Structures are given as C-alpha cells and as structure tokens.
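What follows is each chain in one-letter form.
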Amino acid sequence: MRLDRRISEGLSITVAAARELIFAGKVIVQPPNKVISSPSWQVLHGEAVSCDGVDVRQPFHRIVFMNKPKGFVSDRREELRSKNVYDVLPPDLQHAKIGMFGRLDRDTTGLLLFGTDGGLHQLFHHPRAKQPKVYIAKLRNNLTTGRGSDSLKIPGLISADGSYNYEIASKAFEEGITLFNDTKCLPAKLEWEEKMPKDPRVRITLHEGKYHQVKRMLGCVGGHVTDLHREAIGELSVQGLGLGPPGSARAATEEEIRFIASMFPATAEVRDNPEKRTGKRSTASPDSGEAALGGGRDDRGRGRARRRQGSVDSDALPSDPSAGAASQFTP
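What counts and how
For every chain, the first residue of its written sequence is number 1, and the numbers climb from 1 along that sequence. Owing to the predicted nature of the model, reporting of local features is limited to residues with pLDDT of at least 70; listing and counting of side-chain atom pairs is limited to 80 or more, with chain, interface and lining totals taken over all residues. Based on all heavy atoms of the structure, the side-chain values leave hydrogens and waters out of the count. Each helix corresponds to a stretch of at least 4 residues labelled H or I by DSSP, and each strand to a stretch of at least 2 residues labelled E; elements are numbered beginning at the N terminus. When a residue's accessible area, from a 1.4 Å probe over protein chains only, is under 20% of the maximum for its type it is buried; when over 50% it is exposed; and in between it is partly exposed. When DSSP finds two or more bridges between two strands, those strands count as paired. In this analysis, two residues are considered to be in contact whenever any of their non-hydrogen atoms come within 4.5 Å of each other. Here, axes are lines fitted to C-alpha atoms. For helices the fit covers the stretch in contact, and angles between N-to-C directions go from 0 to 180 degrees. Put simply, a nonpolar core is a bunch of buried Ala, Val, Leu, Ile, Met, Phe, Trp, Tyr and Cys residues held in one set by side-chain atoms that sit within 4.5 Å of each other. Criterion for a salt bridge: a side-chain nitrogen of Lys or Arg within 4 Å of a carboxyl oxygen of Asp or Glu. Pairs of N or O atoms are called polar contacts if they sit within 3.5 Å, as long as, within protein, a hydrogen donor faces a hydrogen acceptor (for residues adjacent in sequence, only side-chain-to-side-chain pairs).

J.: Quick one: what's the story with the overall build of the chain, residue by residue and with numbers?
T.: Within the chain one finds nine helices and 13 strands. The proportion of buried residues among the 331 residues of the chain is 53%.

In structure tokens, the structure reads:
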C-alpha cells in the first residue's frame, strides 16, 4: 500500500493531509527505520509506520494462493463469470477488494496470487523487483516446423542435416531473445527437460512480463506451445506452498505474508516509483504467463485479440474493479 494511503486510512485524514506530513519529514517507516519523504513508497504488511511519534494502525490485508485450473478466465467481469477463477475461490477466502496479482490465460495452469494490497501487486510484476517467474511448457514434437520457424534469425539453430541444436536455443535465451517485432527481451533461462523424439518439455525462467512472452520467445526458437504451467513466482512455488491439484486454493498464513514482504528490499529502487504514480491506468503488458497456446505472433491486432477473448491486460486495469481508484493497481 502507498505510504500516503496508509497514513490517510490509519489516521482517518485526507490523502492530501497525509502527503503534507510526509513532505514535512514526520513519517518513519520500519524497515528501513528512517524518515520516508515519498508518498508513493510501498509499505507492506507487518511494517511499522509512525507519524510524529504516533503509531499508524495496520490495515487488513489478505493473500490467497491458487493452483489455477485450465479452462478458467482470469477476469472478474460479469459476462465472463461462467468459468472464472474467482468462482474457484472458496467463500471463506472471498473479499470485496481482493484482486489478482497478474493473470494467466484461460488454458494456462499454475500459481496465481490474489490479494487486497495493490502495492504488492505492483512489486510482484515490476522488473526492478527481480522476482523470477518459472514456467513449464510442453511443445509440439517438431521444433523445426513450429509456427514462426520460417522467420528464425538465430544462426546455427537448425543444422545442415535438419537437426535441432538445443544448446544454441538455450544460449539465445541467455543472451536475450529478439521477438519477431524486434522487441528485445531481458536475458532468460531455457532448460530442456525432455527432447525429441518425445514431446519436448522445457522450463523457462523470466524476469519480466511482456505480452504472451513465453509463447513468443519459444516461437522464436521454433517451438509451438501446447501446454503451459506457471510453477513459481520468486521463492513461492506450487509445490513449496503445498497446493493440491488444479483448483485448490488457500489463504496465506501470517508468517507467509511476512515472508512475502521480506522478498522486496526496503530500498527506494524497489519500493518507490513516483513517476508512475499519476492515478492513470497503466499501459504495461500483461504477465508473460498469459500466453494463448500456440506459436509466436507480433503485436499487431493485440487490442482486437483481447476483445475477442473478452479480457483485458492484467496491468491495464485494477484486478478488482470494486477495489477503488485505478491508481491502487497501477505499476
């Protein structure tokens, strides 16, 4: 939660009045146990805030872990609620202000987080927070003819005898894939768990979230995704959290909520982003796990495709429309 909102709600004053106190140097946050002069500083659960020596009460926050099932839309709009991830949440985990921390495509399974703290949502999906996302993807069993392979620009990926060079594909990920529309990706990790003649199975580790990034990066090395699963975000994993089969969900314990807060160092580089705190809707790309299954495609027609799917980018609107101002979920 933004520092100005934490003070406003905790002391029952206006946001403008809270900002005046912050600019006056009267607010101390622990950690980092020092005066914070930026209203946009993100304060996480369990962190103490005092103003002029008065402790500011901590608001209620809830975090929920889900192993998302296949076939459910990550969208809360009424017209899509027949197969909606919110309907998978047990009634005791529902909350009026709960929203998704990034979305997954209808046919993608795996770790999905929900919470009532929009600031935490921003931290999880901002590249500077350096929280790796791990995906397991199954590919069609012919890497040399995957959709987009006619545009392959990686020298040596396909040898003269038509065989596929797995090492060069992994190296291309390490150096940063350039997508078909010339978008440069940050260095990533590609590990081959199964190779042809079996259906290839890969583990991808990303540190950013571009539009359909997993699918598009694999398309650049001749891969056609047939199944996609998000295994982990940072140090949180489906297995480590003890989540059951797809569709299972549970609330985070107090200890787990504090552990999540510890994943984001209390530094200005990670916690503060004043140039983005405009209250406007963000134009950032959705989580890379929102990959429609299949090969790569460029950015043309993105808006049309999203309208056809009946969803919007996770970072373009608040995950929970009832959660209040859009700025709460703006990266």
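J.: Explain the sheet that holds strand β2 (residues 34-35) to me, and be specific about the residues and the numbers.
T.: An order of β2-β1-β3-β4 is seen for the four strands of this open sheet, with the pairing classed as antiparallel. Edge positions in the sheet fall to β2 and β4 (54-55), since each has one partner strand and no second. Pairing of strand β1 (residues 27-30) with β2 involves two bridges; the strand directions are antiparallel. Considered in β2, the bridge of Val-29 is made with Lys-34. Sheet strands touched by helix α1 (residues 3-11): β1 and β3 (48-51). Its angle to β3, the strand with the most contacts, is close to 70 degrees.

J.: Give a detailed account of the nonpolar core, specifying residues and quantitative values.
T.: In this structure, Phe-173, Trp-192, Ile-204 and Leu-218 are the most contacted members of the largest nonpolar core, which totals 26 residues. For this core, the elements supplying multiple residues, two or more each, are β8 (133-139), α5 (166-175), β9 (189-194), β10 (201-206), α6 (213-220) and β11 (225-233). In contact with Trp-192, other than residues within four places in its own chain, are Leu-139, Leu-143, Tyr-164, Tyr-166, Ala-169, Ser-170, Pro-200, Arg-201 and Val-202. With 22 residues, the next largest nonpolar core counts Leu-111, Phe-124, Ala-261 and Val-270 among its residues.

J.: Tell me about the pattern of salt bridges, and name the residues and values.
T.: Oppositely charged side chains can form a pair if their charged atoms are brought close together. As enumerated under the stated definition, the model contains 15 salt bridges in all. Asp-4 is the partner of Arg-2 in a salt bridge, and the nearest nitrogen-oxygen pair spans 2.7 Å. Here Arg-2 and Asp-4 have matching classes, each one buried. Note that Glu-47 and Arg-271 form a salt bridge whose closest N and O atoms lie 2.7 Å from each other. Placement of Glu-47 in the loop between β2 and β3 and of Arg-271 in helix α8 (residues 268-271) is noted, with a sequence separation of 224 residues between them.

J.: Account for α6, with residues named and values stated.
T.: Across the eight residues of α6, eight count as buried, placing the element largely inside the fold. Where α6 is buried, its residues contact β8, α5, β9, β10 and β11. Looking at the residues trailing α6, positive phi occurs at Gly-222, about 85 degrees.

J.: How would you sum up unusual backbone geometry? Please name residues and give values.
T.: In the segment running from Gln-30 into Pro-31, the intervening peptide bond is cis, with an omega of -10 degrees. With respect to the helices, strands and loops of the structure, Pro-31 is situated in the loop between β1 and β2. The residue after Pro-31, namely Pro-32, is reached through a cis peptide bond having omega 15 degrees. With respect to the helices and strands, Pro-32 occurs in the loop between β1 and β2. Phi is positive for Asn-33, close to 60 degrees, though the residue is something other than glycine.

J.: With reference to specific residues and values, describe the side chain of His-61.
T.: In this fold, His-61 is placed in the loop between β4 and β5 (63-68). Take His-61: its relative accessible area is 13%, and that puts it in the buried class.

J.: Can you explain the side chain of Glu-208? Please cite residues and give values.
T.: Along the chain, the position of Glu-208 falls in the loop between β10 and α6. A distance of 2.6 Å separates the side chain of Glu-208 from the backbone nitrogen of Leu-186, its partner in a polar contact. Of the polar contacts made by the side chain of Glu-208, one reaches the side chain of Gln-213; its length is 3.1 Å.

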